Every structure is written in structure tokens, then in C-alpha cells.
Amino acid sequence: MTDVKRRKAYVSVNVNIDEQGNIMPCFVIWKNGLVFHIEKVLYKCRAASMSVSGGGIRYTVLIKGHESYLFQEGNRWFVEAKEGLQCYCIAEKADGEMPVLPSQFNRSI
């Protein structure tokens, strides 16, 4: 089995913050406009990335049925993107479905 090279990719993240100040990420938004819905936050802890430099609060999230790491590093967010992929998706599209685009979801205020 070959190791996949990864790079640090900063992303935008849409979050909900409750009345106690707890942060729950909801969507990951790539620089190219792709939006991925976070189905569930499985785990949250302080951790360093083992694949790329950096660390902070690591969220283990479920996106399209796959576990991925999402890091909050101060006021910025990053993922461990696979090197060489054109869209640097953090979740495989096993069902062949296109990801949600920003114009396809509504935000409630």
C-alpha cells in the first residue's frame, strides 16, 4: 500500500456557535467554490496534523460517509488535502454524485 502525499489546504468553514460558545462546523467550502456538507462531528480534540505541519483543534468529521480531519488553527481552518488531485476533495465521491454548490443550499439566519 502506498502512502498518499498530502498538503495543507486552507478552507472556509460555515459554523454554528451555540449559546455556550461551542463551535460546530457545518460546511467546508473550497477556494474553487465546492461545498461539502458535514454530516456529523464524530470527535473533537487538540491535536497536531501527522501529515502536514500545523495543528490546533482537530475535528473528526463525516462527509459523504467518509471520516476526514478538519483543523481549526487559531482563526483559520485547514484540511490534509491529497496531493495531485485537481479539486483536492476531502471526501471520495463513491456514488458519483456532484457535491453541493453554494447556490444549491440555503442558510437560515
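For the structure itself, look to the data block above.
Residues numbered from 1 in each chain as written. Predicted model: local features only at pLDDT ≥ 70, side-chain atom pairs only at ≥ 80, totals over all residues. Heavy atoms only, no water.

Draft legend 1. Region of interest: the overall build of the protein chain. Regarding its fold elements, the protein chain presents 0 helices and 7 strands. Counted from the first residue to the last, the protein chain has its helices and strands arranged as β-β-β-β-β-β-β. Split into buried and exposed, the 109 residues of the protein chain put 37% on the buried side. Within the protein chain, residue pairs in contact and separated by at least 24 positions form 47% of the contacts whose partners lie at least 6 positions apart. As displayed, the protein chain offers around 7,300 Å² of accessible surface, 49% of which is attributable to carbon and sulfur atoms. (Helix = DSSP H or I, 4+ residues; strand = E, 2+ residues; numbered from the N terminus. Buried < 20%, exposed > 50% of the residue type's maximum accessible area, 1.4 Å probe, protein only. Contact = heavy atoms within 4.5 Å. Areas by Shrake-Rupley, 256 points an atom, 1.4 Å probe, with all protein chains shown as cover.)

Draft legend 2. Main features of the nonpolar core. Counting residues in each nonpolar core, the largest one holds 17 residues, and the members touching the most others are Val11, Val28, Trp30, Ile38, Tyr59, Val61 and Leu70. Going through the elements one at a time, β1 (6–17), β5 (55–63) and β7 (76–82) are the ones with two or more residues in this core. Setting aside residues up to four positions removed in sequence, Val11 forms contacts with Val28, Ile29, Trp30, Leu70, Trp77, Phe78 and Val79. (Core = buried A, V, L, I, M, F, W, Y, C linked by side-chain atoms within 4.5 Å.)

Draft legend 3. Up close: the environment of Asn16. You can see Asn16 is positioned in strand β1. As for Asn16 and Phe27, which are separated by 11 residues in sequence, their C-alpha atoms are 9.9 Å apart. Non-local contacts of Asn16, meaning those with residues more than four positions away in its chain, are made with Asn22, Ile23, Met24 and Cys26.

Draft legend 4. Highlighting the packing of aromatic side chains. Per the counting criterion, the structure on display carries 4 aromatic pairs. Centroid distance Tyr10 to Phe78: 6.1 Å. Interplanar angle 70°. Geometry classified as edge-to-face. On the criterion of sequence distance, the pair formed by Tyr10 in strand β1 and Phe78 in strand β7 is long-range, its members being 68 residues apart. Overall, Tyr10 belongs to the partly exposed group, its relative accessible area being 32%. Clustering of aromatic rings is evident, with ring pairs tying together Tyr10, Tyr69, Phe71 and Phe78. Lying over the aromatic face of Tyr69, Arg58 brings its terminal NZ or CZ to 4.3 Å of the ring centre. (Phe/Tyr/Trp six-rings, centres within 6.5 Å; stacked < 30°, edge-to-face > 60°. Lys NZ or Arg CZ within 6 Å of the ring centre and 35° of its normal.)

Draft legend 5. A look at the pairing of strand β6 (residues 66–73). Strand direction decides the pairing type here: β5 and β6, joined by 7 bridges, are antiparallel. Its bridge partner lying in β6, Thr60 is registered against Tyr69. Counted between consecutive antiparallel strands, the loop separating β6 from β7 contains 2 residues, among which Gly74 sits at a positive phi close to 70°. (Pairing = 2+ DSSP bridges.)

Draft legend 6. Representation of the sheet that holds strand β3 (residues 35–37). Ordered by their spatial adjacency, 7 strands build an open sheet running β3-β2-β1-β7-β6-β5-β4, and the pairing between neighbours is antiparallel. This sheet does not close on itself; its edge strands, each paired only once, are β3 and β4 (40–48). Strand-to-strand twist across the sheet, computed as the mean angle between neighbouring axes with direction ignored, equals 40°. (Axes fitted to C-alpha atoms, helices over the stretch in contact; angles between N-to-C directions.)

Draft legend 7. The pattern of salt bridges, seen in detail. Across all of its chains, the model carries 1 salt bridge by this definition. With a shortest N-O distance of 3.0 Å, Lys8 and Glu73 are connected by a salt bridge. A residue pair is termed long-range when its members are at least 10 positions apart, and Lys8 in strand β1 and Glu73 in strand β6 qualify at 65 residues. Relative accessible area serves as the criterion here: at 22%, Glu73 is assigned to the partly exposed category. (Salt bridge = Lys/Arg side-chain N within 4 Å of Asp/Glu carboxyl O.)

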